[in-house]
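The lines below spell out each chain.
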Amino acid sequence: MSVIYRVIITDEAIGNLEEIAGYVFQDSPRTAGAIAETILNAIDSLAEMPEQFRRAGGSRRRKSPIHAMVVYPFIVYYRVDESPATVHILHVIHGARKQPRRFKAE
């Protein structure tokens, strides 16, 4: 039986999503909704196989890896905890922007 992980979107990641949707909304409200839905659907998919995406670094404080999932053209950064089975979404950033070098221990 496979484990289903609980997915938690941090306040930082929610702010990232709001910023992305707000920026796109200025030019195309319909596209903004579609982009947000695509990203959220991809995030939801992490509940079943969170380890499938590459490691992009690590959390020094928690000593756990940070993974990066590409939802073109965005990158979703997240951490996986095994006990309890949880995925923490840390950031959602456009791939052309400067990527984080450090992650908060949320």
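Residues numbered from 1 in each chain as written. Predicted model: local features only at pLDDT ≥ 70, side-chain atom pairs only at ≥ 80, totals over all residues. Heavy atoms only, no water.

Student: Looking at this structure, I do not really get the overall build of the chain. What am I missing?
Tutor: A count of helices and strands for the chain gives two helices and five strands. From first element to last, N terminus to C terminus, the chain shows the α and β order β-α-α-β-β-β-β. Counting across all 106 residues of the chain, residues that qualify as buried make up 37%. Taking all contacts inside the chain whose residues are at least 6 apart in sequence as the whole, residues at least 24 apart take part in 47%. (Helix = DSSP H or I, 4+ residues; strand = E, 2+ residues; numbered from the N terminus. Buried < 20%, exposed > 50% of the residue type's maximum accessible area, 1.4 Å probe, protein only. Contact = heavy atoms within 4.5 Å.)

Student: Help me understand the confidence of the model for the chain in this model?
Tutor: Any region with low pLDDT has predicted coordinates that should not be read closely. Chain-level pLDDT for the chain is 87 on average; 85% of the residues reach the 70-or-more range. Within the chain, strand 1 (residues 6-9) carries the highest mean pLDDT (97), whereas strand 2 (residues 55-59) carries the lowest (70). (pLDDT = per-residue confidence, 0-100.)

Student: It is not clear to me how the layout of surface pockets should be interpreted in this structure. Could you clarify?
Tutor: Where empty space is left in the structure can be found by rolling a water-sized probe over the atoms. The volume enclosed by the largest pocket comes to roughly 260 Å³. Together, N16, E19, I20, Y23, V24, F74, V92, I93, H94, R97 and K98 line the largest pocket. Of all the secondary-structure elements, those providing two or more residues to the lining of the largest pocket are helix 1 (11-25) and strand 5 (86-94). Among the elements that take part in the lining of the largest pocket, helix 1 stands out by supplying five residues, more than any other. Of the residues belonging to the lining of the largest pocket, the class tally is six nonpolar, two polar and three charged. (1 Å grid on protein atoms, 1.4 Å probe; cavity = no way out; pocket = protein on both sides within 12 Å on 5 of 7 lines; lining within 4 Å. Points joined across faces, edges and corners; volume = space filled by probe spheres on them. Nonpolar A, V, L, I, M, F, W, Y, C, P; charged D, E, K, R; others polar.)

Student: Even after reading the chapter, I still don't get the side chain of H88, so can you show me in this structure?
Tutor: If you trace the backbone, H88 turns up in strand 5. Owing to a relative accessible area of 12%, H88 belongs among the buried residues under this scheme. Separated by 3.1 Å, the side chains of H88 and D81 make a polar contact. (Polar contact = N/O pair within 3.5 Å; in protein donor to acceptor, adjacent residues only side chain to side chain.)

Student: How should the packing of helix 1 against helix 2 (residues 29-45) be read in this particular structure?
Tutor: The description of two packed helices rests on the angle between their axes and on the distance between the axes. Running from N to C, helix 1 and helix 2 point in directions that differ by 155°, and their axes come no closer than 7 Å. If you check the angle between helix 1 and helix 2, you find them roughly antiparallel. Where helix 1 crosses over helix 2, the two elements pack in a sense that is right-handed. Residues L17, I20, A21, V24 and F25 of helix 1 touch helix 2, and the partners they reach there are P29, T31, A32, I35, I39 and L40. Residues that form the contact of helix 1 with helix 2 fall into these classes: ten nonpolar, one polar and no charged. (Axes fitted to C-alpha atoms, helices over the stretch in contact; angles between N-to-C directions. Parallel < 35°, antiparallel > 145°, perpendicular 65-115°, else oblique. Left-handed = near helix turned anticlockwise from the far one by under 90°.)

Student: I keep staring at the nonpolar core and nothing clicks. Help me out?
Tutor: Note that soluble globular proteins tend to have their nonpolar side chains buried in a common cluster. I39, M69, V76, I89 and V92 are the most contacted members of the largest nonpolar core, which totals 18 residues. Broken down by secondary-structure element, the contributors of at least two residues to this core are helix 1, helix 2, strand 3 (64-71), strand 4 (74-81) and strand 5. The biggest single contributor to this core is strand 4, with four residues. Excluding its chain neighbours within four sequence positions, the residues that come into contact with V92 are A13, N16, L17, I20, I39, I43, F74, I75 and V76. Ranked by size, the runner-up nonpolar core spans six residues in total, among them I66, A68, I75 and I93. (Core = buried A, V, L, I, M, F, W, Y, C linked by side-chain atoms within 4.5 Å.)

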